[in-house]
Amino acid sequence: MNPEKDFSPLTPSIVRALNDKLYEKRKVAALEIEKLVREFVAQNSTAQIKHVILILSQEFALSQHPHSRKGGLIGLAACSIALGKDSGLYLKELIEPVLTCFNDADSRLRYYACEALYNIVKVARGSVLPHFNVLFDGLSKLAADPDPNVKSGSELLDRLLKDIVTESNKFDLISFIPLLRERIYSNNQYARQFIISWILVLESVPDINLLDYLPEILDGLFQILGDNSKEIRKMCEVALGEFLKEIKKNPSSVKFAEMANILVIHCQASDDLIQLTAMCWMREFIQLAGRVMLPYSSGILTAVLPCLSYDDRKKRILAVANVCNQSLMKLVIPEDDEVADEGKPGLASLPTDTDQEESLSKQEGVSGGCLDTSGDSNFSSTSVFMPASAERLQVTLNLDGIVQVLDCHLHDAGAGMMTRIAVLKWLYHLYIKTPRKMFRHTDSLFPILLKTLSDESDEGGVHLPCCAKGSMECSPTTPTMNSYFYKFMINLLKRFSSERKLLETRGAFIIRQLCLLLNAENIFHSMADILLREEDLKFASTMVHTLNTILLTSSELFQLRNQLKDLKTPESRNLFCCLYRSWCHNPVTTVSLCFLTQNYKHAYDLIQKFGDLEVTVDFLIEVDKLVQLIECPIFTYLRLQLLDVKSNPFLIRALYGLLMLLPQSSAFQLLSHRLQCVPNPELMQAAAAAHSIYSKVSLIQHKRAGRMLAKRICWIIRKH
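Every chain is numbered independently, its residues counted from 1 as its sequence is written. Totals for whole chains, interfaces and linings use all residues, but because this is a predicted model, local features are given only for residues with pLDDT of at least 70 and pairs of side-chain atoms are given and counted only at 80 or more. Water and hydrogen atoms play no part in the side-chain values, which are based on all heavy atoms of the structure.

The name an unreviewed UniProt entry assigns to the chain is Protein VAC14 homolog, from the organism Anolis carolinensis. Per UniProt, the chain has the following entry under Subunit (unreviewed entry): "Forms pentamers. Component of the PI(3,5)P2 regulatory complex/PAS complex, at least composed of PIKFYVE, FIG4 and VAC14. VAC14 nucleates the assembly of the complex and serves as a scaffold by pentamerizing into a star-shaped structure, which can bind a single copy each of PIKFYVE and FIG4 and coordinates their activities. Interacts with NOS1." UniProt positions are given in the numbering used here, feature names are shortened, and annotations may be inferred rather than shown by experiment.

Set out below in structure tokens:
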């Protein structure tokens, strides 16, 4: 520093003391400066005050000499103390040089700068709020300072500034948010802790509505939630919990749409706490905002569906994901299909439980910690956000995006079983609620749905026919058997033909499920018609045998069996003719169909033809199985008809024909014992004759007794 330079109104002694390396001497100089400034204040000499501050800033605080900088800092603090309530008029000149010293390499100087700023802020109080951003920026750097003394000093200043903000109603939140948004992405633990502490403070101030600006900082908060420090994670968890409570209290002021994609991203986080917290938020958003969330359905499903296959290690995430999935599904309503072709947005409305599939599993919630992961599965009882104007929001269901996500998960070989089941439920739900929109996706979905038949899970087999039902029922014409129904049957039989193991292990199960959901008569009629043109005769025989076993044994086909048993209607006779033509691929199944329809003479004629066939082991096995079926409850009526030998001679002959085909086996013994129970026709005729004679004798006896009684009465009359 140039000793010949004029520093007036500062005296040479003050200047020397400010440049001294001893703190005590610098403090004495500060007291002199304070006294000098007070005099200027009393004289209302603004120019002199600014000149003193300028000298202390330029010549001392920003000097190249460290001791001069220290002297300048304590001198500026002294000026602030002397100015008192008037310090607000000079805050820019007082604060800027001090903040510059925050970046000094000397930790002691950074500490003195922190001390000086503390004194300046303490005097100015609320007047510093217009300069809050620069103060916050400087403090955020000191929060991560490696020197413990500097950090301790910054914490004192931080608490003072928080007190001022809490007390004041003039805090400029709008200008602060950009800085907060920038600083919230800091990777330094101490800086993150500093940021979270300020968010908690601002959230607690009634006059500051930080919720309006939550979309600006929500992403950063979730990133901080993944910090390695347990303390920081806990602080961030508390902050997010407070925001969520506020959202539940004031849903009408929440910008749900602006935060939806942020939650979608963090619902896919690898960190369990981040994912669980984001999923809890997503659950609340869906239930509070309702159909406002529909445009983000594809992203939500991308995040939620994989979570449905989590095991017990992530059961809390699984529970919340289930609630999200079910709640989102309920938002799709028939009205979403009405405007599909016009390209107009649908109306946001209250979710209801009307017409929901009872097969959808009830979700369970798990609560723990400060996060409420329970959720209310009864979505209809949840308050749903509606705009204050009572006007319904215009929302659009992005069905193409949803179907793309669902199709992607079906194609993903690594997708878990519960995820794939949820996808199938979604497809079924969409086909039921938005059939016109979904009709356009049927061609692209059919191949993968058919491929899903090969899934080893029975659950997948249960829900796939549901999707097939939906896709076939959504045809605009919807005839008894529309083109998609027939196309489905053709492709199903092709898959059975190419995957014989699928037919053996799951064929019967799949067909029975289809019969439960669709018209069983149409299924058998269409399959029989398709098999009639099957070139692979061995497969046709196997398939007919499978269909015949299902027809004769499945409880789902009770009505169809009764319809075929009587053949009273033209429809039943037409079905029999259709089945018969295809059943001829397998001789034994043809006989069993004749038994079912009580065409015993034709069954006998067919068995007579068996002598011309090559009797193989497989053929005998099928005859053996037919004998076993005859002993089942389904053929009870047939066994009872054996009592009427006279009316059913061809039934008995047909059974004897089967007996003659069989080798000496258990089936032979079984049928032989059954036929031994058939009454002897001669004995039956003898019994009938004896009954006739007895009746005649009884009549004669009655006539004789009558004549004797009449004679007795006449004798009595004559005597009297």
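**Some words on helix H23 (residues 483-498)**
Taking 1.5 Å as the rise per residue, H23 with 16 residues should run 22 Å; its terminal C-alpha atoms sit 22 Å apart, in good agreement. All of the buried residues along H23 are Tyr 484, Phe 485, Phe 488, Met 489, Leu 492, Leu 493, Arg 495 and Phe 496. Helix and strand assignments come from DSSP, with helices taken as H or I runs of at least 4 residues and strands as E runs of at least 2, each series counted from the N terminus. To estimate the expected span of a helix, count its residues, drop one, and scale the result by 1.5 Å. The rule is simple: take the accessible area with a 1.4 Å probe, protein chains only, and divide by the maximum for that residue type; under 20% is buried, over 50% is exposed, in between is partly exposed.

**Some remarks on the nonpolar core**
Among the nonpolar cores identified, the biggest contains 146 residues, and Leu 10, Ile 33, Leu 214, Leu 221, Ile 247 and Trp 281 are the most heavily contacted of them. A total of twelve residues in this core trace back to one element, the largest contributor, which is helix H14 (residues 272-289). Non-local contacts of Ile 247, meaning those with residues more than four positions away in its chain, are made with Leu 211, Leu 214, Val 254, Phe 256, Trp 281, Phe 285 and Leu 288. Ile 523, Leu 567, Trp 583 and Leu 596 belong to the second largest nonpolar core, which has 75 residues in total. Only buried residues count toward a nonpolar core. Its members are Ala, Val, Leu, Ile, Met, Phe, Trp, Tyr and Cys residues joined through side-chain atoms within 4.5 Å. By definition in these notes, contact holds between two residues if any of their heavy atoms fall within 4.5 Å.

**Here's the deal with the pattern of salt bridges**
If the charged atoms of two oppositely charged side chains come close together, the side chains can form a pair. Salt bridge, as used here, is a side-chain nitrogen of Lys or Arg placed within 4 Å of a carboxyl oxygen of Asp or Glu. Considering all chains together, one arrives at 27 salt bridges under this definition. Residue Asp 137 is joined to Arg 183 by a salt bridge in which the shortest nitrogen-to-oxygen separation is 1.8 Å. Of the two residues, Asp 137 is situated in helix H7 (residues 132-142) and Arg 183 in helix H9 (residues 173-183); the sequence distance between them amounts to 46 residues. Here Asp 137 matches Arg 183 in class, with each residue buried.

**Brief notes about the packing of aromatic side chains**
Side-chain rings of Phe, Tyr and Trp (the six-membered ring for Trp) are treated as a pair once their centres are within 6.5 Å; stacked means planes under 30 degrees apart, edge-to-face means over 60, and tilted covers the remaining angles. Evaluated as defined, the whole model comprises 19 aromatic pairs. On the numbers, 6.0 Å between centres and 5° between planes, the contact of Tyr 23 with Tyr 112 is stacked. You can see Tyr 23 sitting in helix H2 (residues 23-42) and its partner Tyr 112 sitting in helix H6 (residues 107-124), a full 89 residues away along the chain. Consider the rings of Phe 256 and Phe 285, whose centres lie 4.9 Å apart with planes at 90°: the pair is edge-to-face. Here the residue Phe 256 occupies a position in helix H13 (residues 256-266), and Phe 285 occupies one in helix H14, the gap between them amounting to 29 residues. Neither Phe 256 nor Phe 285 differs from the other in exposure class; each is buried.

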